[in-house]
Amino acid sequence: MSVSDQRLLGRALVRRGILSDETLEVLLAQQREKGAALLDLVAGSSMASDEAVGRALAAECGLSFVEQIVVDEVDPAVASQLPIGYARSHRLLLVEDGPESAKVVCVDPFDTEALDDVRATLGKRVEVGVAAQGKLTDAINRVYERQERGNTLEADEGIKEEEAIDILESDDDAPIIRWVNGLFFQAVRERASDIHIEPEEKEVIVRYRIDGQLYVAHRASRQFMSSVVARVKIMSGLNIAEKRLPQDGRISLKIAGRAIDIRVSTVPTSRDHERIVMRLLHKTNVLLDLSDLGFGERDYTLMHQLITRPNGIVLVTGPTGSGKTTTLYACLNRINQPKINILTAEDPVEYELGGIHQVAVQPKIGLTFASALRAFLRQDPDVIMVGEIRDKETAEIAIQASLTGHLVLSTLHTNDAAGAITRLVEMEMEPFLVRSTVIGILAQRLVRVLCPKCKEAYEATPYELQQLGLDAERTRLRDQRQLSPKYQPHEVQYEPVGWRGPGMPTFYRAKGCDHCEHKGFTGRLGIYELLMVDDTVGSLVLRSADAQTIKRAAQNAGMDSLRDDGARKVLMGKTTVEEVVAATQEDALFDE
Ligand SMILES: [Zn+2]
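Computed from a prediction, not measured in an experiment: that's the story for all the values here.

(A) Up close: the confidence of the model for the chain. When pLDDT is averaged along the chain, the result is 85; 91% of the residues meet or exceed 70. Here helix 9 (residues 161–169) stands out as the element of the chain with the lowest mean pLDDT, 38, in contrast to strand 11 (residues 312–317), whose mean of 98 is the highest. Taken together, the stretch residues 149–170 has pLDDT below 50 and engages in 29 contacts with residues farther than four places along the chain or on a different chain.

Written out as structure tokens, the structure reads:
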């Protein structure tokens, strides 16, 4: 944790127009409560890009802003004079060490204590530059990784087919171990979420899922398969001899300082070999704070309010793979404190959270979401997270839990936020019970994030503006909405998304470069629609209004639709029009 003066830092960001006074106060309160660094809270939200923050801080302190840190030019031996833990927690990288002076790049120039320590350690003058947080973190990882590679997993490049055959002829297991380790190493480096190892007729194919898409990463000779399967089974504690039944196991690894949990599943195939699918749970990726999810200012502030209420039901909706679990974990992470009793029922437990009691439901033995929830109520919880509300019984107990003074977090499979209300009514929940318990519903999707190194700027077309609902007509309607008596900002002021000219905005398209493995994208980002069940929406719930009517009312009160939030992220240059349109196809655009 940075020890810089968070208030001084915050004031600097206000002076430079990055934060408003009100937002700063909210963030400082969260910062004190959670002990998170202010810069992390800012960086994770969509309030400003980390580059804008870096430039502002550099300007404020009269330091140079470092656009690019050329990792190959940084000597790992120089950098590692500062221990990696220190570099990470204070977010600074020693890039040069000359006879007279040294040079450090940092994210937070207000962390003067750390900079003084560096001066004292090196015993010379230290020149300071400021960089964007993302770039610096990436540079720290890559520089120290070069230093560490020798003693962690070394097989960095894949093994070619000829080598694979050699492995079979050797009695030594080491090459197989290296090869399998290499798969993990590369998967982590490329941020893969899954590794598939599949026997084909003549060869073994290894595919990685990166940002939701599968890519072939390696091919090896078919003869190689049994050794690989055996190695993975040993690592995950599975029975090597059992080849006819599916098995599930788990591997915990540490790669380049990052803890990774891997869920392993084997399934026998008709090709006489098992196929293996491994899901990588990057602890650092999974356990995010609320501020890391990319919420806009309104959604961020309101989400924080919702999950700090003493009771009520907060629902997250979206299809499978839309990041709902990550959001729920980030919510729990935000409110997790020793004095709060948090219980979860999950299928499966994807990530173990310290200080929280988690139960994996097992329908086979009768441990369902409903029965776990019922048992929880006797365990005096404050907050309950239920993986999913699938049936009437679970919905009933969730409502009962909320009515008896608990905060309940859960997910529902519906396309949009308003649909969650009608789904609960379809499950035969009384509208008045839904009205008196559900306090907020978040719908979400994931879109791919453009690679910042190679994204290509172009001038948006009128058609694209229309697709995103950014055209003059809709912008005017949204701006007008704020003047209507129906407008309910929930005490959050923000500018409705829109394009107010002059000319056309700059959008970006994907290109591809070495940095992003020629995919044009690096990682994914959520787009959100947060429906507050306030008096307006509540009265529609009581009248059993349809989802479209509820959505329209919420939009008039200031809610951004999924597409609106996507449009905002296109305007920020974080993603493309195609990504947003594809992710929000069923999100009808309408305004009154
Ligand atoms: Zn790129």
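After that view, the rundown keeps rolling.
(B) Fine view of the coordination of the zinc ion. Here the zinc ion is held by Cys-451 (SG), Cys-454 (SG), Cys-513 (SG) and Cys-516 (SG), and the distances to it run 2.3 to 2.4 Å. Coordination at the zinc ion comes from four donor atoms whose angles at the metal span 105 to 114°, giving a geometry best classed as tetrahedral. Sequence spacing among the residues donating to the zinc ion works out to C-x2-C-x58-C-x2-C. Of this pair, Cys-454 sits in the loop between strand 16 (438–450) and strand 17 (456–459) while Cys-516 is found in the loop between strand 18 (506–509) and strand 19 (521–532), placing the two residues 62 residues apart along the sequence. Residue Cys-454 is classed as buried on the basis of its relative accessible area, which comes to 9%.

(C) Inspection of the pairing of strand 16 at higher detail. Among the 13 residues in strand 16, 12 count as buried, and that is most of the element. Where strand 11 lies against strand 16, five bridges are found, and the strand directions are parallel. Bridge pairing links Ile-313 to Val-438 in strand 16. Across 10 bridges, the pairing between strand 16 and strand 19 is antiparallel.

(D) Structural context of the packing of helix 15 (residues 369–376) against helix 16 (residues 392–403). Two elements in contact, helix 15 and helix 16, have axes separated by 8 Å at closest approach and are oriented at 20°. As the angle between them shows, helix 15 and helix 16 are arranged roughly parallel. As for the relative orientation of helix 15 and helix 16, their crossing is left-handed in sense. Of the residues in helix 16, those touching helix 15 at Phe-369, Ala-370, Leu-373 and Arg-374 are Glu-393, Thr-394, Ile-397 and Ala-398.

Thresholds applied
- Chains are numbered independently. Their residues run from 1 in the order of the written sequence.
- Residues qualify for local features only when their pLDDT is at least 70, as the model is predicted, and side-chain atom pairs are given and counted only at 80 or more; totals for whole chains, interfaces and linings, by contrast, use all residues.
- Excluded from the side-chain calculation are hydrogens and water; included are all heavy atoms of the structure.
- Within a predicted model, pLDDT stands for the predictor's per-residue confidence, ranging from 0 to 100.
- Only DSSP runs of H or I reaching four residues or more are called helices, and only runs of E reaching two or more are called strands; each is numbered from the N terminus.
- Here a residue-residue contact requires only that any non-hydrogen atoms of the pair lie within 4.5 Å.
- Distances decide who is a donor: an N, O or S atom must be within 2.8 Å of the metal, or within 3.2 Å for Na, K and Ca. Water is not included, so sites may look incomplete.
- A four-donor site is classed as tetrahedral when every donor-metal-donor angle falls between 85 and 135 degrees; four donors are called square planar, and six octahedral, when trans pairs exceed 155 degrees and all remaining angles lie between 65 and 115, with any other arrangement labelled irregular.
- Note on classification: 1.4 Å probe, protein chains only; a residue is buried when its accessible area is under 20% of the maximum for its type, exposed when over 50%, partly exposed between these limits.
- Between any two strands, at least two bridges found by DSSP are needed for them to pair.
- To get an axis, a line is fitted to the C-alpha atoms, and for a helix only the part in contact is used. The angle between two axes follows their N-to-C directions and goes from 0 to 180 degrees.
- If an angle is under 35 degrees, it is roughly parallel; if it is over 145, roughly antiparallel; if it lies from 65 to 115, roughly perpendicular; otherwise it is oblique.
- The handedness criterion is simple: a crossing whose near helix is rotated anticlockwise from the far helix by less than a right angle is left-handed, and one whose near helix is rotated clockwise is right-handed.

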